[in-house]
Structure formats: structure tokens, C-alpha cells
Amino acid sequence: MFLSPRHADIVAMAKENGRVTVEDLAGHFGVSPQTIRKDLNDLCNQRHLTRIHGGALFPSGIENV
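Anyway, here's the lowdown on the structure attached to this text. (Residues numbered from 1 in each chain as written. Predicted model: local features only at pLDDT ≥ 70, side-chain atom pairs only at ≥ 80, totals over all residues. Heavy atoms only, no water.)

## Re the side chain of D39
Then comes step 1: Tracing the backbone through its elements, the reader meets D39 in helix 3 (residues 33-45).
Then comes step 2: The residues contacting D39, other than those within four sequence positions of it, are R6, H7 and I10. (Helix = DSSP H or I, 4+ residues; strand = E, 2+ residues; numbered from the N terminus. Contact = heavy atoms within 4.5 Å.)

See the structure below:
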């Protein structure tokens, strides 16, 4: 599945830090929080990240069954 450069950077940042926040990402990329929320929702729908209030987590690989 192809990721845009910004989406790939968001996933890499989440992997490195364990989590990312809307506020930090909006400032880092110079876009609106609404744009970042849409990006995070897209990435979560594709199962790259797990959405939390105010940001997203890099999934641990362990899911509740």
C-alpha cells in the first residue's frame, strides 16, 4: 500500500516515539490540526496506527482477540 511522503513520515515518527500528537504534527508539517486528524484517521483505517484522543499510537503488534 502506497503512503504519501507525509503519511510515511507520520508513521516513522510514531514508530520512533511510540506516539504522535495532532498538535506536534501540525506544527512540524505546517498544516492545520484538521489536516493532521484526517491523516491520522486515514492511517488508522489502513491499520498503520491506532487512534487515541489527541493523536495516535504505533501499534504494538499485540491485539485483543
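From this point, the discussion proceeds with the structure in view.
## As for the sheet that holds strand 1 (residues 19-21)
Then comes step 1: Taken in spatial order, the 3 strands make up an open sheet running 1-3-2, and their pairing is antiparallel. Taken across any chain shown, the strands that pair with only one partner, and hence form the sheet edges, are strand 1 and strand 2 (50-52). In this sheet, adjacent strand axes meet at a mean angle of 25° when their direction is disregarded.
Then comes step 2: Against the sheet, helix 3 makes contact with strand 1, strand 2 and strand 3 (55-57), and its axis sits at roughly 140° relative to strand 2, the strand it touches most. (Pairing = 2+ DSSP bridges. Axes fitted to C-alpha atoms, helices over the stretch in contact; angles between N-to-C directions.)

## Comments concerning the environment of V20
Then comes step 1: Inspection of the secondary structure assignment puts V20 in strand 1.
Then comes step 2: Looking at V20, the relative accessible area reads 6%, which means it is buried.
Then comes step 3: Spatially, the C-alpha atom of V20 lies 15 Å from that of R47, the residues being 27 residues apart in sequence.
Then comes step 4: If we ignore the near neighbours within four places in the chain, the residues touching V20 are I10, M13, A14, L25, L40, G54, G55 and A56. (Buried < 20%, exposed > 50% of the residue type's maximum accessible area, 1.4 Å probe, protein only.)

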